[in-house]
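# What the coordinates show
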Amino acid sequence: MDMINEGALLEIDRLAVEFDTRRGVVYGLRGATLSIGRGETLAIVGESGSGKSVTAQAVMGLIDVPGRISGGDIRWKGETLLGPHGSRAARDIRGKEIALVFQDPMTSLNPLMKIGVQIGEVLRRHLGMSESEAHSRVLELLEAVGIPAPPRRAAQYPHELSGGMRQRVMIAMAIACEPQLLIADEPTTALDVTIQAQVLELLAGLQQTLKLSVLLITHDLGVVAGLCHRIAVMYAGRIVETGLADDVFNRPAHPYTQGLIRSTPRLDDHTDRLVSIEGAPPNMLAPPTGCAFRVRCPLAEARCEQEPPLVQSRTGATVACWRPDEAAWGIPAATPQARVKGNGYYDQMVAEYQPASVPAEAAAAASRPPVTPLLSVRDLGVDYEVSSPGFWGKARKISALKGISFDLYPGETLGLVGESGSGKTTTGRAVLRRLEASEGRIYFKGQDITNVHGDELRQLRRKMQLVFQDPYASLNPRMKILDIVAEPLIAHGVVRNSDEAREQITELLRLVGLSRDATDRFPYAFSGGQRQRVGIARALALKPEFIVADEPVSALDVSVRAQVVNLLQDLQKELGISYLFIAHDLSVVRHISHRVAILYSGRMVEIADRDSLYEHPRHPYTEALLSAVPVPHPETQRARKRLVYRGDIPDVSHWPAGCHFHGRCPLADERCSLQAPPLQGKADHLVACWHR
Amino acid sequence: MGLFILRRLLQGLLVVIGVTIVVFVATRLVGDPVRVMLPLSATAEERAEFQHQLGLDRPIPVQFVEFAQNLATLNFGDSLWQRRPAMGIVLAKLPNTLTLIACGLGVAILLALPLGAIAALKPGGLADRLTVFSGLFGLSVPQFWMGLLLIMVFAVIFRVLPTSGIGPPVHYILPAITLGLPSLARLMMLVRSTVIDELNQQYVRTARAKGLHFHQVLFGHALRNALPAFITLAGWEFISGLAGYTVVVETVFAWPGLGQAAMQAIQHNDLFLLQAIVFTVAILIVAVNIALDVAHKFIDPRVELG
Amino acid sequence: MAVLEISAPITRPTRLPPIVVELWRDKSGLLGLTIIVLLLLMAIFAPLLAPYDPAVQAVTTRLKPPFWVEGGSMAHLLGTDQLGRDVLSRVIFGARASLLVGTSVVALAGTFGVLLGLFAGYKGGRTDAIIMRLVDIQVAFPGLLLILLIVSVVGPGTTTMIVVLACTNWMIYARLVRGIVLTIRQSAYVEAAEMTGCKPNRVIFKHVLPNLSSPLLTLGILEFTNVVLAEAAMSFLGLGIQPPATSWGLDVANGRDYIFVAWWLITFPGLSIAVTVLSINLFANWLRVTTDPQEREKRFARQKMAERRRSRSPLISKA
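Only a predicted model underlies this, so the values are computations on that prediction, with no experimental measurement involved. Every chain's residues receive numbers from 1 upward, in the order its sequence appears when written. Lettering of chains starts at A and numbering of ligands starts at 1, both following the order in which they are written. Given that this is a predicted model, residues contribute local features only at a pLDDT of at least 70 and side-chain atom pairs are listed and counted only at 80 or more, while totals for whole chains, interfaces and linings are drawn from all residues. Each side-chain value is worked out from all heavy atoms of the structure, with water and hydrogens disregarded.

## Some details on the UniProt feature "domain: ABC transmembrane type-1" (unreviewed entry) in chain C
The UniProt record annotates "domain: ABC transmembrane type-1" (unreviewed entry) at residues 95-284 of chain C. Strands here mean DSSP runs of E at least two residues long; helices mean DSSP runs of H or I at least four residues long; both are numbered from the N terminus. Taken end to end, residues 95-284 of chain C comprises 81% helix and 0% strand; its first and last C-alpha atoms sit 19 Å apart. UniProt positions are given in the numbering used here, feature names are shortened, and annotations may be inferred rather than shown by experiment.

Encoded structure:
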């Protein structure tokens, strides 16, 4: 592909970036080729390690030691940005003609500099404005990105702004010199979904009014669907498919693209089982030769070990594949794949579980059988210590959670959804008695466990376990997998040391899909998805009846996320475990949950059966939340009605009186601002709103 | 702000009370002031007389109350050695020590910022390795030896600089260099490592992505953000100078400051003078600490006082 | 569900541990370690190495210069002092004082500080507040002046100095340990251990303590240098090691009056202190980087970069 695209603004030509690490050379980019035209919105989609962020950094000249550009070229309007001459020219182009918005608005602004000054810096650098000229332009910019009260905000420091506001400041800084190209590197990943909707709306609007070209880098197909003309899919440092958004979504030509789209759960769909791409993202120390995807590809054959050619697909997309346009992923399997059964711990485990619990399907049925709930929570509240108890006084406390009530039945999954500060994690920890409840009661199998302590609490821990969000932080890096999974057994005196548990652990690991030789390795040898499997095995070791899964898949890549979701569902079907599934991702929750509860600012606003909640939401916040979740399908996403409510999620230390949502709610009246609505409604659908 | 200063003053009071107790315990309970203060040839009557004169024959609690009362009124008694109020001696010597610290630390501060920043530009480069090595060298050379070497080289061999006592500005050169060298080394290494850290922060990438010139990124962002840590360490250097680390330099260069006074008090077994010095310094340290916290608030808007 | 293969290989033990290779590459760290080992040997075998008894005076051979200076002789390689004592022997024996005081103070202060820090960090709440306030208060003490006061009251000597230095140096360990314990306690894997029902003892020994070893090692080494310098300064002021024992600081003080006639008297003991402390610092500097995974990566990358620059390979274009 050596043709020069005349109309292209930015051309990336066979770009290669390598990183020197102690374990060897990590290949960040391995010859990525891409171009973006004027006024065009192009998305680069890929999972972690695919090289999508490295591409943005290379364009912006931000590749630092240990990284280096080892080949290829980057051209802006036909002129190279690399080499001694190019990088001199690039300095005047960056920030002026090409601007960048980073993922994390928390760390991307200088904490010690007023935001007005930070924005003004660009104007003074590139447009030679004086301080006062820059200041008045800054106020216009803040206005343009929807920041209220610009003069006051301009004089504030980043820590005084919310995450959404900071990202608006970043965008104001990026558009300050009216650039031709805006590179947005995961611009909404760190934001809550309702705030994400605001920022995406802002970006789309700016793109229209300023005639911007946008290079959007994301892992989230939903974000892409509503915003972009073209899509480039990256895998293992290369672009595997480039095409028009609608074509790529409707007729993906590369098996990886197909897998990616199929494994992304959709809000508007509730297939019980997701398609998952087996295996882990490639180890970029030694990426497979030829097509890097062949080791995970259902279509792989001998010639895939050769570099695949770039070909046109039926829809006109450019694909790097030997077998484009061949359907790789069938209709999702209705039943879990047959497991290789052993005759040890695993079978025993299934046997022990089955009689004790009710089959999952029965529990999920609309008319619930008269079983006692496994877990009952009534009016739960949790206070947080704001300051530690000092030398002199008592700790200052604020309420982080109030009036939470729900039941969890055996074999059921209750999805607990909320944005940051909603108290969903706090709820999970309080239920597990990790945090003390300041009010309300928790019943486990009819027994009041609110005030259980000491040994009794330790015994209780055998029955209820936790799966963590971050599979990297939750495994002690100094312990072998065997010791990690055996720890609960040792702690409860089931075995004396981990070697005694070796057989059981091997069975457990097989149950979660890890091979026998995993036992004697350390966590660093595993990918994120594999680590999460270890975490699940550890939680299962004591054969609990109930697991709190705290954002168990949010740190994982899309293709791996589907694997873990499927694993959790399979385990539930076979073992009858109940889950309290905490997440912010409504699409995943729809797939895994039987019932769903929505939290907002420490209050439960709605709880209902999955389908009635998703199809007939009653609380205005639930409506806004659902409409804010982007659907990874361009036509659907464009056709959806979106409710974007202004304003930020209230901070936990400044909760308003009355209904916490009243500041952003279109239905709010005086009563809402004075009196908190109770959770009420018909049988299976409760809502806390005065108007619904 | 007011509340904060009040709290810090209370905390400072705790420091002063702590020092009181340590001094009291050290002088009255662990050691025997009479044995220390009178010559070995003194008779038993002389000892008893002296003990009575100082009030040391009364019960310990009574002694402590009186001791504390005297402190509260800044009455440290007379220097046994010079036979005049101890506080007067302290106040006469203090300015000499303060100017010495100011000169030494001032030079260190002025040099540390540029040297550390240059090293940070290219970690592992020649300038950086030189900085690290000379910094480690500066931390490793004992001050008293450095002082003597300087005397030997500049005053004895080249005969260009005065080697002892206070006087016109040339007298400050050698003592200030000796005193400032370890501070320079520490400050320079700190600037280097903080600037390297800051240059790796995400906000610096933002600044670079904005197309700012390198000097704007370095001075406007990285070095600016290294200031809070720098001020903290510089303040600590000032405090440790006050806390007695000038003693060595003052001894080597016969500098008539607090440190030298402390050494003389020790040689003359003058506990009252030593007490007066310790208390003055303790109060100064508390004051400097509060000033540092307030300064911190102005440099770093994220700092919440309290 | 298919059983997954694990892609990364099991690390196999190589003949030379990578850490040795890394030390070999860092010449200043290697030099530091070599000198430290030599110094230790010198201190241990001082009676065998020293040509003379360091305390024996000889009036006939007073103030002899080192052998390479006119008037010096091979009998006294580094010359003699005003009492005719052999400077080389005194330097060799002086290492003992520095290392003894350094080791004892670091051990005493370290033990006390680590225990209090662990206690404060693990207990949290009021216990933590009280212990840390105590640390704050003592840090704000006029350190050296108080040391001088106490030493002058109690009477100078090696034991006094060790105890006093230990009493004024424990705080930094407490702060470090408490900070680490607090961070580790918040880590997800400690929460995981507690959630599975591990008892506090197991959590501390299995999960918290292993994280302390390398920062404590680095801190202990750096504190050792501070103590060696403090010992030298106090001995120089006459408040530390007392004659007839030998110490480098003491020897510099003795040579001070002869600075105009016998430069070697202050030069060699002073140099010994400087070389000792410098080599420890060089080694500690290497160790600090090596025990920090991020710093270690960066150092590796920089070395790679330098190698590449030396081989002058231009940008490889795959075109």
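## With respect to the sheet that holds strand β13 (residues 375-385) of chain A
Residues and elements named next belong to chain A. At least two bridges found by DSSP between two strands is the condition for calling them paired. The strand order β14-β13-β16-β17 describes an open sheet built from four strands, whose pairing is antiparallel. Every other strand in the sheet has two partners, leaving β14 (397-408) and β17 (447-448) as the edge strands with one partner each. Relative to β17, strand β16 (residues 439-444) runs antiparallel, the two sharing two bridges. Bridging from a neighbouring strand, Y443 pairs with D448 of β17. Contacting β13, β14 and β16, helix α13 (residues 424-431) runs over the sheet at an angle of about 115° to β13. Should any heavy atoms of two residues lie within 4.5 Å, those residues are considered in contact. Fitted lines through C-alpha atoms serve as axes, helices being fitted only where they are in contact, and the angles separating the N-to-C directions of these axes extend from 0 to 180 degrees.

## Comments concerning the UniProt feature "domain: ABC transporter" (unreviewed entry) in chain A
The residues that UniProt annotates with the feature "domain: ABC transporter" (unreviewed entry) are residues 10-261 and 377-626 of chain A. In residues 10-261 of chain A, the share of helix is 40% and the share of strand is 28%. The end C-alpha atoms are 27 Å apart.

## Let's talk about the packing of aromatic side chains
Residues and elements named next belong to chain A. Each aromatic pair joins two rings of Phe, Tyr and Trp (for Trp, the six-membered one) with centres within 6.5 Å, and gets the label stacked for planes under 30 degrees apart, edge-to-face for over 60, and tilted for any other angle. Counted according to the given criterion, the structure contains 15 aromatic pairs over all chains. The interplanar angle of 65° and the centroid separation of 5.2 Å between the aromatic rings of Y256 and F293 together place this pair among those described as edge-to-face. Remark: F293 occurs in the loop between α10 (255-263) and β11 (310-312) and Y256 occurs in helix α10; sequence separation between them is 37 residues. Plain terms: the ring middles of Y600 and F661 are 5.1 Å apart, the flat faces sit at 85° to each other, and that makes the pair edge-to-face. With Y600 in strand β21 (residues 595-600) and F661 in the loop between α22 (634-639) and α23 (670-674), this residue pair connects regions lying 61 residues apart in the sequence. As far as the burial class goes, Y600 and F661 line up, both buried. Think of it in three bands: with a 1.4 Å probe and only protein chains considered, a residue is buried below 20% of the maximum accessible area for its type, exposed above 50%, and partly exposed in between.

## Some details on a nonpolar patch on the surface
Exposure above 30% relative accessible area and the lack of any salt bridge qualify a residue for a patch; like charges then connect within 9 Å, and the nonpolar side chains Val, Leu, Ile, Met, Phe, Trp and Tyr within 5 Å. For the area figures, the Shrake-Rupley method with a 1.4 Å probe applies, and any residue is considered shielded solely by the protein chains shown. What makes a salt bridge here is a side-chain nitrogen of Lys or Arg within 4 Å of a carboxyl oxygen of Asp or Glu, nothing more. A cluster of nonpolar side chains, V37, L38, L40, L41, I44, F45, L48 and L49 of chain C, forms an exposed patch at the surface whose accessible area comes to about 780 Å². In this structure, L38 of chain C sits in helix α2 (residues 27-44).

## Concerning the interface of chain B and chain A
With 22 residues of chain B at the contact, the number on the chain A side is 28 residues. Both sides together, the interface formed by chain B and chain A hides about 2,300 Å², and carbon and sulfur atoms give 57% of it. Our enumeration of links across chain B and chain A arrives at three salt bridges. For the salt bridge of E121 of chain A with K210 of chain B, the shortest nitrogen-to-oxygen distance reads 2.8 Å. Each polar contact in these results corresponds to two N or O atoms within 3.5 Å; when the atoms are within protein, one needs to be able to donate a hydrogen and the other to accept it, and residues that are neighboring in sequence are counted only if both atoms are side-chain atoms. Remark: the boundary between chain B and chain A carries 15 residue pairs in polar contact (both at pLDDT 80 or more). Those elements that provide at least two residues to the side of chain B that touches chain A are α1 (2-30), α9 (202-209) and α10 (214-245) of chain B. As used here, buried area is the combined drop in accessible area, with a 1.4 Å probe, of two parts when they are placed together.

## Here we look at the packing of helix α4 (residues 87-123) of chain C against helix α8 (residues 171-186) of chain C
All names here are of chain C. The contact between α4 and α8 brings their axes to 7 Å, and the two run at 35°. α8 is crossed by α4, and the crossing has right-handed handedness. Touching V106, A109, G110, G113, V114, G117, L118, A120, G121 and Y122 of α4 are Y173, A174, V177, R178, V181, L182 and R185, all from α8. Note on residue classes: Ala, Val, Leu, Ile, Met, Phe, Trp, Tyr, Cys and Pro are nonpolar, Asp, Glu, Lys and Arg are charged, and everything else, Gly too, is polar. For the contact of α4 with α8, a count of residues per class yields eleven nonpolar, four polar and two charged. Handedness of a helix crossing follows the sense of rotation of the near helix relative to the far helix, less than a right angle counterclockwise being left-handed and clockwise being right-handed.

## A short note on the side chain of S515 of chain A
Here S515 of chain A lies in the loop between α16 (502-511) and α17 (528-540). Among the polar contacts listed, one links the side chain of S515 of chain A to the side chain of D517 of chain A, at a separation of 2.6 Å.

## A closer look at the interface of chain C and chain B
Taken residue by residue, the interface counts 42 residues in chain C and 52 residues in chain B. Regarding the contact of chain C and chain B, the summed buried area is about 4,100 Å², with carbon and sulfur atoms giving 79% of it. Three residues stand out in chain C for area buried against chain B, namely L145, L149 and V153 of chain C, and they jointly supply 16% of the buried area on that side. Taken together, the links from chain C to chain B amount to seven residue pairs in polar contact (both at pLDDT 80 or more). Taken together, the elements giving at least two residues each to the side of chain C that touches chain B come down to α5 (125-139), α6 (143-154), α11 (213-236), α12 (248-255), α13 (264-291) and α14 (293-311) of chain C.

## Topic: a positive patch on the surface
Counted as positive: Lys and Arg. Counted as negative: Asp and Glu, with His and the chain ends omitted from the count. Here the site of a charge means NZ on Lys, CZ on Arg, CG on Asp, or CD on Glu. A grouping of K122 and R129 of chain B together with R309 and R310 of chain C is seen on the molecular surface, where their side chains present a positively charged patch. Mapped onto the secondary structure, R129 of chain B falls in helix α6 (residues 126-140).

## Some points on helix α7 (residues 158-169) of chain C
An α-helical segment advances 3.6 residues per turn. Residues three or four places apart therefore align on the same side. Residue and element names in this part refer to chain C. Take the residue count of a helix, subtract one, and multiply by 1.5 Å to get its expected span. Spanning twelve residues, α7 covers 16 Å between terminal C-alpha atoms, matching the ideal 16 Å at 1.5 Å per step. Buried residues of α7: T160, M161, I162, V164, L165, A166 and N169, and no others. Buried residues in α7 make contact with α4, α6, α8 and α11.

## Side note on the UniProt feature "transmembrane region" (unreviewed entry) in chain C
All names here are of chain C. Look at the UniProt record and you will see "transmembrane region" (unreviewed entry) annotated at residues 30-50, 99-122, 216-241 and 261-284. Taken as a whole, residues 30-50 contains 90% helix and 0% strand, while its terminal C-alpha atoms sit 26 Å from one another. Along residues 216-241 the backbone is 81% helical and 0% strand, and the end-to-end C-alpha distance reaches 28 Å.

## Digging into the sheet that holds strand β5 (residues 79-80) of chain A
Paired through backbone hydrogen bonds, the strands of a sheet run either parallel or antiparallel to each other. All names here are of chain A. Taken together, the four strands give an open sheet; going across it, the order is β2-β1-β4-β5, and neighbouring strands pair in antiparallel fashion. In this open sheet, the two edge strands, each paired with only one partner strand, are β2 (24-37) and β5. One ladder, built from eight bridges, connects strand β1 (residues 8-21) with strand β4 (residues 67-76); its direction is antiparallel. Of the residues in β4, the one forming a bridge with V17 is I69. The strands touched by helix α1 (residues 52-59) within the sheet are β1, β2 and β4, with β1 carrying the most contacts at an inclination of about 110°.

## Description of the pairing of strand β10 (residues 238-244) of chain A
Residues and elements named next belong to chain A. With five of seven residues buried, β10 is to be regarded as a mostly interior element. When strand β9 (residues 230-235) meets β10, the two strands line up antiparallel, connected through six bridges. Note on β10: the bridge partner recorded for V233 is E241. Looking at chain direction, β10 and strand β12 (residues 318-320) are connected through two bridges and run antiparallel. Looking at the pairing, T242 lines up with T318 of β12.

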